Amino acid sequence: MKVVIIGAGVAGLSIGWRLLQAGATVTILDRAQPAHGATWAAAGMLAVTAELEGAHAAERDLALHANALWPGFASEVEQASGVPVGFVRSGALLLAPDAAALDAMRARGPVLDAAGARALVPLLADGIAGGLWAADEAHVDNRRLGEAMTIAYVKAGGALVPQTAAVRIEQKSGAAVCVLTPRHRYHADAFVIAAGAWSGLLGDIPITPVKGEMIALAPPAGAQLPGPVIWGNGVYLVPRDEGGQKLLLVGATMQEAGFDTSLSPDVRDQLRAGAQSLIPALKQWVLADHWAGLRPKSPDGLPLLGPVRSGNIFVASGQFRNGILLAPAIAQLMADMVLGKTKIIPAFDPQRFAPRFV
Ligand SMILES: Cc1cc2nc3c(=O)[nH]c(=O)nc-3n(C[C@H](O)[C@H](O)[C@H](O)COP(=O)(O)OP(=O)(O)OC[C@H]3O[C@@H](n4cnc5c(N)ncnc54)[C@H](O)[C@@H]3O)c2cc1C
C-alpha cells in the first residue's frame, strides 16, 4: 500500500514509521522542515496526571496506554536513529498553595506535606502546603525526539519531502487520488492529514491553533535543576539536560490568536514571575530562550483520529496539549487503521464533526 502523509511532526513521522515497519510505502510532505512545528515548541512532558484532570475516559485510556508504551518507544527510536531522546521517568509534583487545595488533591493520588515536597525540591518557596506526587509522569526532550524520529523514519526507507506544502487533496468518484502541491501531484492509496494546528486549512476539519509561549532559564554555576516536573501558580517547570547544557523550561500560555506566533515581553515576564513564585532562587537564573508554538485543538478538545467520509483520507490531529505524550499510541492506532487492521475509537471519530474535502 502507498500512503502519503501531510505533516512531518511527531504524529506524521511516527505514523509513517509504523506504516513502513508494516510494509507500506510512505511519503511525508512538510511545508517547512520536519519536526519544527508544535513538536519543536513543546515542553516534552508526558503528563498523565497533571493534564488529565476531568479528562474524557477515552482520552485517559489512550494517554495511560501511551505512557505505558513510552519506555519501549523511546529506546526503539534511540536504537533506530542513534539519537538519545532524553526520556526520564522523573515524576511530577503538583503544588498546593494551601491546606484546602492539598486536601482536595487526596482524591487524585498520594500527597506530600510541605516537608515531603521540600525533600524532593529543596528550594521551594515558603508557604507551599505540599503537593500531589505523580510518580508515573515523565518527560522527553521533544526536539531530540523530532530529530530522532526523522532519522528513524528515513533510515526505515521513508521518503521525506520538506519545503513542500500540500495545497489540496484531489478526489475522483468519491475517493482521494492525490495530494496537490505547488510543484507536483503525489498519488497514493491512502492519505493521512497530520498537519497539526494547520490541519483545518486542508478541508473542513475543525482544528483551531492555540498559541503557547514558553521560556527557558539557565542556572548559575553550581545550581542544580529540580528532579521532578513541578506545577503551580499557573506555570509548569520542566528540567532539561541537553547533554551538559542544563535548562529549566517554564510554560506555557494558552491564547487563541490565529496563527500568530509573535513573542510578548509581558508574557515572558509573567512566566518568569510564576516560576520565581515557586522557587525564589530562580531570580539568579539567566533567561536563555523564549519561543511560541501552536497546539492543534478540536471543538471538544479530543483528538480526531480516523477516516473522513471518503474512506481513504485519514486525520490524525487535535492532540492539543498532549501530542508528545500520545505519540506512540496514536502511531500504532493510525497505522493499524490505515491498513484496515483496527477499528476507530468512537470518541475520536472525526465524523462527529462531519469533515469534508472539496
Ligand atoms: C508551548 C507548547 C507546549 C507543549 N507542551 C507539551 C507537552 O509538554 N507534552 C505534550 O504531550 N504535548 C505538548 N504540546 C502539544 C504538542 O506539541 C502537540 O500536540 C504535538 O506536537 C502535535 O504534533 P503534530 O505532529 O500533530 O503537529 P506539529 O508538530 O505542529 O507538526 C505538524 C507539521 O505539519 C506541517 N504542515 C502543516 N500544514 C502543512 C501542509 N499544508 N503541507 C505540508 N505540511 C504541513 C507543519 O510544517 C508541521 O511540521 C505543547 C505544545 C505547545 C505549543
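See the structure printed just above.
If you're wondering where the values come from, they're calculated on a predicted model, not measured in any experiment.

Right, let's get into unusual backbone geometry. Following G251, the chain continues to A252 via a peptide bond in cis, the omega torsion being -25°. Tracing the backbone shows A252 in the loop between β16 (245-251) and α7 (265-278). You will see that S173, though not glycine, has its phi angle at about 50°, which is positive. Positioned with a positive phi, N233 is a non-glycine residue whose angle comes to about 50°.

Let us now look at the pairing of strand β1 (residues 2-6). Put simply, side chains in a regular strand alternate between the two faces of the sheet. Within β1, four of the five residues are buried, which leaves it mostly tucked inside the rest of the structure. Here β1 pairs with strand β2 (residues 25-29) via five bridges, running parallel. When the sheet's bridge partners are listed, V3 is paired in β2 with V26. Taken together, β1, helix α1 (residues 10-21) and β2 constitute a β-α-β crossover, and its handedness is right-handed. Where β1 and strand β12 (residues 190-193) come together, four bridges link them in parallel fashion. What sits directly across from V3, in β12, is A190.

The next thing to look at is α7. Its 14 residues give α7 an end-to-end C-alpha distance of 20 Å, which sits within 8% of 20 Å, the value for a rise of 1.5 Å per residue. Among the residues making up α7, those that are buried are V267, L271, R272, G274, A275, Q276 and L278. Lining the buried residues of α7 we find β4 (92-96), β13 (208-218), β14 (229-232), β15 (235-242), β16 and β17 (286-297). One side-chain oxygen of the residue at the start of α7 lies 3.1 Å from the amide nitrogen of D266, identifying that residue as S264.

With their axes 8 Å apart at the nearest point, helix α3 (residues 57-81) and helix α6 (residues 142-155) run at an angle of 60° to one another. Like other packed secondary-structure pairs, α3 and α6 cross with a definite hand, here left-handed. Residue-level inspection shows W70, F73, V77, A80 and S81 of α3 in contact with α6, the latter providing L145, A148, M149, I151, A152 and K155. Each residue belonging to the contact of α3 with α6 can be placed in one class, and the counts come to nine nonpolar, one polar and one charged.

Reading guide: rules and limits
Residues numbered from 1 in each chain as written. Predicted model: local features only at pLDDT ≥ 70, side-chain atom pairs only at ≥ 80, totals over all residues. Heavy atoms only, no water. Helix = DSSP H or I, 4+ residues; strand = E, 2+ residues; numbered from the N terminus. Buried < 20%, exposed > 50% of the residue type's maximum accessible area, 1.4 Å probe, protein only. Pairing = 2+ DSSP bridges. Right-handed = clockwise from strand over helix to strand, strands pointing away. Expected span 1.5 Å × (residues − 1). Contact = heavy atoms within 4.5 Å. Polar contact = N/O pair within 3.5 Å; in protein donor to acceptor, adjacent residues only side chain to side chain. Axes fitted to C-alpha atoms, helices over the stretch in contact; angles between N-to-C directions. Left-handed = near helix turned anticlockwise from the far one by under 90°. Nonpolar A, V, L, I, M, F, W, Y, C, P; charged D, E, K, R; others polar.

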